[in-house]
2 protein chains.
Amino acid sequence: MSTAKTYHHGNLKETLITSGLDILREQGLAGLSLRNCAERAGVSHTAPKNHFGNLAGLLTAIAARGYQQLTAHMQRDLSEDASRIERRNAAFQGYVEFALAHPALYELMFSKHKTNSGDPELLAQVTASFVILRDASEGLDWDKSDKPDADLRAQMMLWSLVHGFAQLSVSGKFDKDMMRKLDILDVMPDFQYRS
Amino acid sequence: MSTAKTYHHGNLKETLITSGLDILREQGLAGLSLRNCAERAGVSHTAPKNHFGNLAGLLTAIAARGYQQLTAHMQRDLSEDASRIERRNAAFQGYVEFALAHPALYELMFSKHKTNSGDPELLAQVTASFVILRDASEGLDWDKSDKPDADLRAQMMLWSLVHGFAQLSVSGKFDKDMMRKLDILDVMPDFQYRS
DNA sequence: CATGAATGTTTCCAGTGGAAATATAAATGC
DNA sequence: GCATTTATATTTCCACTGGAAACATTCATG
């Protein structure tokens, strides 16, 4: 691999993904076009076809990378022996912070039609992110009812809660009063752990 | 107003909005283009400019109509003397049902960049929808902590919960087990009312 | 070293939103 | 009642988009 200008790029697949992430940061989702991304990587606009098939394929790879980063961000600064509460706080806060810090990428990750939502690599990264949330909320005594499937319901509710909070924050639907309280740990009820 | 083909349409503004809603239903958000919408209304692709300025203006009007319908749907089948629990159930369930029944419209309504999010008419309809949710959750004894701004926090959390649930359902992020439990009232904890 | 596979380029096409100039109809003023 | 202004819609043009197809170059493998 060299940086000299050769006919074959040498690392195009990876370069296209990072170019895409850069464009999302600088120009938002609307600015992320095939041609824009290819130009930034220094190739013609049809070169990505070899690696990703089409635009949706490229966006899928970028979104998958986004989930990878989200997973990492939810685990940031956690030592091996972090407590359950520390892990839970890091995961919840990390999720919301990530959405606010990378709104365009977040929008792409949760857009239904821009990506190939059935792509195995994407699905794997989505699952990895969700597993962090699920593990962090395990054992939370948040519902005292005796409905069945308590664990499954708890997972759905907590993911919904965190995701909805992030989504409404990023999309600006919260009103002015609400925007002053964007720390999810501050807004969330004091869920305690069982046992 | 006549249905005969005249140079002046006579009811173009309204027709464009309903055409847009039809296209969203039939072809999804990706199919909703200025030209597509104009053709369906029987005018040239630049005609909408007089009424909505540009594409974003048209999409803004369509989204506002969407919030209007959402508000109505959250209040469906409610008699004057409906109980708080009935109103809450109708609002929560109506919100999720609406998202699942009109996924493309819902996507447009909560997309940050496709609409003019500062538009007064849009903001008014967004607020109207939120007020339904807020009223329906008023008095819910959902958090026993003594943190300040309990009402504001409760509103944010419940909207987050319902919106996140709808969003994750529509976008297909819930896994197979979760997709079998898409009734939010069944998944939600048994929040009780105070007093 | 030759041949096939992988990787990029060039060229073309249909589609998009929008600007600008123009055409038509409606509304208003005298 | 007629002329002028205003509102509404069309036509034409442009830059941009994703993708198909044919071609060029390099790599990898026998």
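This one's a predicted model, so the numbers in the text were calculated from it and none came from an experiment.

Participant: What am I meant to see in the interface of chain B and chain A here?
Facilitator: Interfaces are often sized by the accessible area lost when the parts come together. Tallying the contact residues gives 41 residues for chain B and 41 residues for chain A. Carbon and sulfur atoms supply 69% of the area that chain B and chain A bury against each other, a total of about 3900 Å² over both sides. The largest per-residue losses of area from chain B upon contact with chain A belong to Met156, Met157 and Lys173 of chain B, which jointly make up 17% of the total buried on that side. Counting across the interface, chain B meets chain A through 4 salt bridges.

Participant: When you look at the pattern of salt bridges in this model, what are you seeing that I'm missing?
Facilitator: One side chain can pair with another of opposite charge once the charged atoms of both are near each other. Using the criterion set out here, one finds 20 salt bridges over all chains in the structure. Residue Arg134 of chain A pairs with Asp135 of chain A through a salt bridge whose shortest N-O separation is 3.8 Å. Classification of Asp135 of chain A by relative accessible area gives partly exposed; the value is 34%. Between Lys181 of chain B and Asp149 of chain A there is a salt bridge whose closest N-O contact spans 3.1 Å. With one member in each of two chains, Lys181 of chain B in the loop between α9 (176-179) and α10 (184-187) and Asp149 of chain A in the loop between β1 (140-141) and α8 (150-171) form a pair that bridges those chains. In this structure Lys181 of chain B comes out as buried when scored by relative accessible area, which is 13%.

Participant: Where do I start with helix α7 (residues 120-137) of chain B in this structure?
Facilitator: In an α-helix there are 3.6 residues to a turn, and that puts residues three or four apart on one side. The terminal C-alpha atoms of α7 of chain B lie 26 Å apart, and with 18 residues this matches the ideal 26 Å at 1.5 Å per residue to within 8%. Residues Leu122, Gln125, Val126, Ser129, Phe130, Ile132, Leu133, Ala136 and Ser137 of chain B constitute the buried set of α7 of chain B. One side of α7 of chain B holds all its buried residues, which, seen down the axis, span an arc of 140°. Lining the buried residues of α7 of chain B we find α9 (176-179) of chain A together with α4 (55-74), α5 (84-101), β1 (140-141), α8 (150-170) and β2 (192-193) of chain B. If you check the start of α7 of chain B, you find a side-chain oxygen 3.2 Å away from the backbone N of Glu121 of chain B, and it comes from Asp119 of chain B.

Participant: What exactly am I supposed to notice about the packing of helix α5 (residues 84-101) of chain A against helix α7 (residues 120-137) of chain A here?
Facilitator: The description of two helices packed together rests on the angle between their axes and the distance between the axes. All names here are of chain A. Two numbers describe how α5 lies on α7: the axes approach to 8 Å, and their chain directions differ by 140°. As summarised for this structure, α5 and α7 are arranged oblique, according to the angle between their axes. Handedness of the α5/α7 crossing: left-handed. From α5, Arg87, Arg88, Ala91, Phe92 and Tyr95 reach across to α7, where they touch Ile132, Leu133, Asp135, Ala136 and Ser137. Classifying every residue of the contact of α5 with α7 gives 6 nonpolar, 1 polar and 3 charged.

Participant: Would you mind showing me how to read the protein's contact with DNA strand C here?
Facilitator: In the region of DNA strand C, 22 residues are neighbours, and Ser44 and His51 of chain A together with Leu34, Arg35 and Leu55 of chain B sit closest. The sugar-phosphate backbone supplies 54% of the atoms of DNA strand C found within 4 Å of the protein. The side chain of Ser33 of chain B places a nitrogen or oxygen atom 3.2 Å from a phosphate oxygen of DNA strand C. At 3.1 Å from a phosphate oxygen of DNA strand C is found a side-chain nitrogen or oxygen belonging to Lys49 of chain B. Elements represented by at least two residues in the surface near DNA strand C include exactly α3 (48-52) of chain A together with α2 (34-41) of chain B. Taken together, the residues that form the surface near DNA strand C break down as 7 nonpolar, 13 polar and 2 charged.

About the thresholds
Residues numbered from 1 in each chain as written. Chains lettered and ligands numbered in written order. Predicted model: local features only at pLDDT ≥ 70, side-chain atom pairs only at ≥ 80, totals over all residues. Heavy atoms only, no water. Contact = heavy atoms within 4.5 Å. Buried area = accessible area lost by both parts, 1.4 Å probe. Salt bridge = Lys/Arg side-chain N within 4 Å of Asp/Glu carboxyl O. Buried < 20%, exposed > 50% of the residue type's maximum accessible area, 1.4 Å probe, protein only. Helix = DSSP H or I, 4+ residues; strand = E, 2+ residues; numbered from the N terminus. Expected span 1.5 Å × (residues − 1). Arc of directions from axis to C-beta. Polar contact = N/O pair within 3.5 Å; in protein donor to acceptor, adjacent residues only side chain to side chain. Axes fitted to C-alpha atoms, helices over the stretch in contact; angles between N-to-C directions. Parallel < 35°, antiparallel > 145°, perpendicular 65-115°, else oblique. Left-handed = near helix turned anticlockwise from the far one by under 90°. Nonpolar A, V, L, I, M, F, W, Y, C, P; charged D, E, K, R; others polar. Near = heavy atom within 4 Å.

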